[in-house]
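Notes for the structure review
As a plain string of letters, each chain reads:
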Amino acid sequence: MEFNEIISRFDFDGQFVGIEPYGMGLINNTYAVSVKRENGEIKRYILQKINKNTFKQVDKLMRNIRLVTEYLKDISVKNGGNWEREVLTLVKTLDGNSYYLDKSGEYWRAYVLIENTIGYAIAESRDMFEDAGRAFGTFVRNLSGFPAEELYEVIANFHNTESRFSDFKKALENNYENRKDNVKEEIEFVLSREKYTSKVVSKLKSGEIPLRVTHNDTKLNNVLMDVDTNRAVCVIDLDTIMPGSLLYDFGDAIRSGCNTGLEDEKDLSKVSFDIDLFESFSKGFLEGIGDNITKEEMELLPFAGILMTYECGMRFLGDYLNGDVYFKTQYPEHNLVRCRTQFKLVRDMEERLGEMSEIVSRYAKI
Ligand code: ADP
Ligand code: GN1
Ligand code: MG
């Protein structure tokens, strides 16, 4: 691909010297771009091709990100924080836009690359995961004053598990290459747990739990950790910021971070739910969120891990049945492998729900 033309559109502080693929997201294509500044220093940026199959209205999506990053920057500045590391900084195009639409119809955006950080696929220690919890909890707390009505709903019904369930049933009908035949057990796993799908959605509808501005994609590698100190530096991947429930943010982090194996581990004996990591994350998250949580939300935190893991497994299996059209895959069974890790975790968590509730009560302040 010819990157020079794209790179020349952004207001980077120096001469282009190189570009390489970066990170491990399942949605966008991410690159690190190096430029040489006038003083000879190398400065790096993140350049992303936004997945236009996933994100239909990039203009509105980028407006969300611009508003939220400006808001979070103000908070960081007020708190005397190091905003350049704590908050994502968008780089504008030369004509002042927050993205560039190239001639072939692809959308591009750029951020300052936060150096000396890494996004982990697996939590390396309890302390690290506790800090991730604090970062995600603080993130939701910091956005508690943000006017939710300003935000565009990037993907309608993103974590509406009932609607994910009906999408799954459509995927069953779709049955790409008769894949259904290979996955009878996995399909049964999803269908037999339909009762889960309404548990949070119905409470949001009735107002028993509040709609908040949430991140909605809190997997562990969406918080950058400092390479030297292993402390959380910055919450990234802001594409799905929109009104949601804090249960989604808590639950998705538990899904991704309490797994002893990788999300796409083929050997299921390596995949299990680590309850010590659950405790660490809960402690950090509850510290971060402070009193911005209600009793009803608190009570549902343990179940949120099960729900989000079930939902994600159902999405992977649905994508497999649709012919791998949503998540990036490296081989034909990739989504199937992914759904199996998720279902293994769901089973483990179901057995330990009582212990999880005890842990949450221990750290709950209300
Ligand atoms: P995706 O939606 O595909 O997951 P992300 O926005 O999460 O895309 O970016 C993919 C990866 O790129 C992240 O997991 C992280 O490793 C890296 N990354 C993204 N933005 C930055 C940044 N500003 N500084 C450093 N690394 C970043
Ligand atoms: C995607 O963008 P990324 O890779 O951080 C997905 C999440 C899934 C996750 C599973 C916009 O997250 O919802 O939980 O993969 N993001 C979107 O790994 O669909
Ligand atoms: Mg990501």
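Structure's up top.
About the thresholds
Residues numbered from 1 in each chain as written. Chains lettered and ligands numbered in written order. Predicted model: local features only at pLDDT ≥ 70, side-chain atom pairs only at ≥ 80, totals over all residues. Heavy atoms only, no water. Near = heavy atom within 4 Å. Polar contact = N/O pair within 3.5 Å; in protein donor to acceptor, adjacent residues only side chain to side chain. Areas by Shrake-Rupley, 256 points an atom, 1.4 Å probe, with all protein chains shown as cover. Nonpolar A, V, L, I, M, F, W, Y, C, P; charged D, E, K, R; others polar. Pairing = 2+ DSSP bridges. Helix = DSSP H or I, 4+ residues; strand = E, 2+ residues; numbered from the N terminus. Contact = heavy atoms within 4.5 Å. Axes fitted to C-alpha atoms, helices over the stretch in contact; angles between N-to-C directions. Donors = N, O, S within 2.8 Å, 3.2 Å for Na, K, Ca; no water. Buried < 20%, exposed > 50% of the residue type's maximum accessible area, 1.4 Å probe, protein only.

1. With respect to the site of ligand 1
- Residues in contact with ligand 1 amount to 18 residues; listed here are only the nearest, N28, Q48, I114, N222 and D237.
- The separation between an oxygen atom of ligand 1 and a polar main-chain atom of N28 is 2.9 Å.
- With the chains in place, 96% of the 550 Å² that ligand 1 exposes on its own is no longer accessible.
- Here the shell around ligand 1 is built from residues that sort into 10 nonpolar, seven polar and one charged.

2. Structural notes on the sheet that holds strand β9 (residues 223-226)
- Read from one edge to the other, the open sheet built from three strands follows the order β7-β9-β10, with strand pairing classed as antiparallel. Two strands close off the open sheet at either side, each with one partner strand: β7 (117-118) and β10 (232-235).
- For β7 and β9, the ladder comprises two bridges, and the chain directions are antiparallel. Across the sheet, I118 pairs through a bridge with M225, a residue of β9.
- Helix-sheet contacts for helix α4 (residues 126-142) involve β9 and β10, and the interaxial angle to β10 is about 40 degrees.

3. Digging into the coordination of the magnesium ion (ligand 3)
- Coordination of the magnesium ion (ligand 3) by the protein involves N222 (OD1) and D237 (OD), with metal-donor separations of 2.2 Å. Here N222 is found in the loop between β8 (212-214) and β9, whereas its partner D237 is found in the loop between β10 and β11 (242-244), with 15 residues between them in sequence.
- Since its relative accessible area comes to 25%, D237 is described here as partly exposed.

Read these as geometric descriptors, not functional statements.
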